[in-house]
Amino acid sequence: MSRIGKKAVEVPSGVQVTLAGQTLTVKGPKGQLSQAIPEEIVISHADGQITFTPANDTQRARAMWGLSRTLTANMVEGVTKGFERRLELVGVGYRAQMKGSTLSLALGYSHDVEMPPPAGVSFAVPKQTEVVITGVDKQVVGETAARIRKVRPPEPYKGKGVRYAGETVRRKEGKKK
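Residues numbered from 1 in each chain as written. Predicted model: local features only at pLDDT ≥ 70, side-chain atom pairs only at ≥ 80, totals over all residues. Heavy atoms only, no water.

(A) Main features of the sheet that holds strand E8 (residues 95-99). Judged by pairing direction, the sheet is antiparallel, and its three strands sit side by side in the order E8-E9-E10 without closing on themselves. The open sheet terminates on both sides in strands that have one partner only, identified here as E8 and strand E10 (113-115). Pairwise comparison of adjacent strand axes, ignoring direction, gives a mean angle of 25° for this sheet. As paired elements, strand E9 (residues 102-106) and E10 share three bridges and run antiparallel to each other. Residue pairing in the sheet places Leu103 in a bridge with Met115 of E10. (Pairing = 2+ DSSP bridges. Helix = DSSP H or I, 4+ residues; strand = E, 2+ residues; numbered from the N terminus. Axes fitted to C-alpha atoms, helices over the stretch in contact; angles between N-to-C directions.)

(B) Molecular detail of helix H1 (residues 59-80). Taking 1.5 Å of rise per residue, 22 residues should cover 32 Å, and H1 covers 32 Å from first to last C-alpha, within 8% of that figure. Those residues of H1 that sit buried are Ala61, Met64, Trp65, Gly66, Ser68, Thr72, Ala73, Asn74, Met75, Val76, Gly78 and Val79. The positive-phi residue at the C-terminal boundary of H1 is Gly82, with phi of around 90°. (Expected span 1.5 Å × (residues − 1). Buried < 20%, exposed > 50% of the residue type's maximum accessible area, 1.4 Å probe, protein only.)

(C) Seen up close, the sheet that holds strand E12 (residues 130-135). Read across the sheet, four strands follow the order E11-E12-E7-E13 without closing on themselves; strand pairing throughout is antiparallel. In this open sheet, the two edge strands, each paired with only one partner strand, are strand E11 (121-127) and strand E13 (161-164). With strand direction ignored, the average angle separating the axes of adjacent strands in the sheet is 25°. Here helix H2 (residues 138-151) sits on the sheet and contacts strand E7 (83-90), E11, E12 and E13; the angle it forms with E7, its principal contact strand, is near 10°. (Contact = heavy atoms within 4.5 Å.)

(D) A look at the pattern of salt bridges. Taken as a whole, this structure holds eight salt bridges when the rule is applied. Close ionic contact of Glu130 with Arg86 constitutes a salt bridge, the shortest N to O distance being 2.5 Å. Placement of the pair is Glu130 in strand E12 and Arg86 in strand E7, with a sequence separation of 44 residues. Using a relative accessible area of 15% as the deciding quantity, one classes Glu130 as buried. In this structure Arg86 comes out as partly exposed when scored by relative accessible area, which is 33%. Linked by salt bridges that have partners in common, Glu84, Arg86, Lys127 and Glu130 make up one network. (Salt bridge = Lys/Arg side-chain N within 4 Å of Asp/Glu carboxyl O.)

(E) View of the side chain of Thr51. Relative to the assigned elements, Thr51 resides in strand E6 (residues 49-54). Assessed through its relative accessible area of 14%, Thr51 is described here as buried. Contacts of Thr51, omitting those with residues within four sequence positions, involve Lys6, Lys7, Ala8, Val42, Ile43 and Ser44.

What follows is the structure in structure tokens.
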């Protein structure tokens, strides 16, 4: 029983797709991204769709098939809409501010933590306790948010720290007398 079929990604108008060997380049209004597609995947571009088919029925080919399709869908979404991650700063005196393009965080340490943005990522501080990270590459935006959160992760007793917007922190009960 073969489960091999095709998986496709719709390409909206205004997005250019270039296929050079196993390298896929997607260019849109917000930027350009490139991805190397594994050799186990046969990729084709026609009629506003990028189609992925595994070259054989091995476990690795099937795994790379879905991964390649998802990464390409993220590339197309990134160059058209972009990605965003929001962080909240919870704690007395915890605040963020912009110094040029660098993010400066006051998180209860003896010094402010300076975080320059990686290539293709920008920071915004709509409120002192909120940081917005935007960019075209989903992985880079997520990694940047994780690096900022790692500076002062939320602690379980008072809930103070840097957390993702909407994240619930499991609280522990304190000492009893």
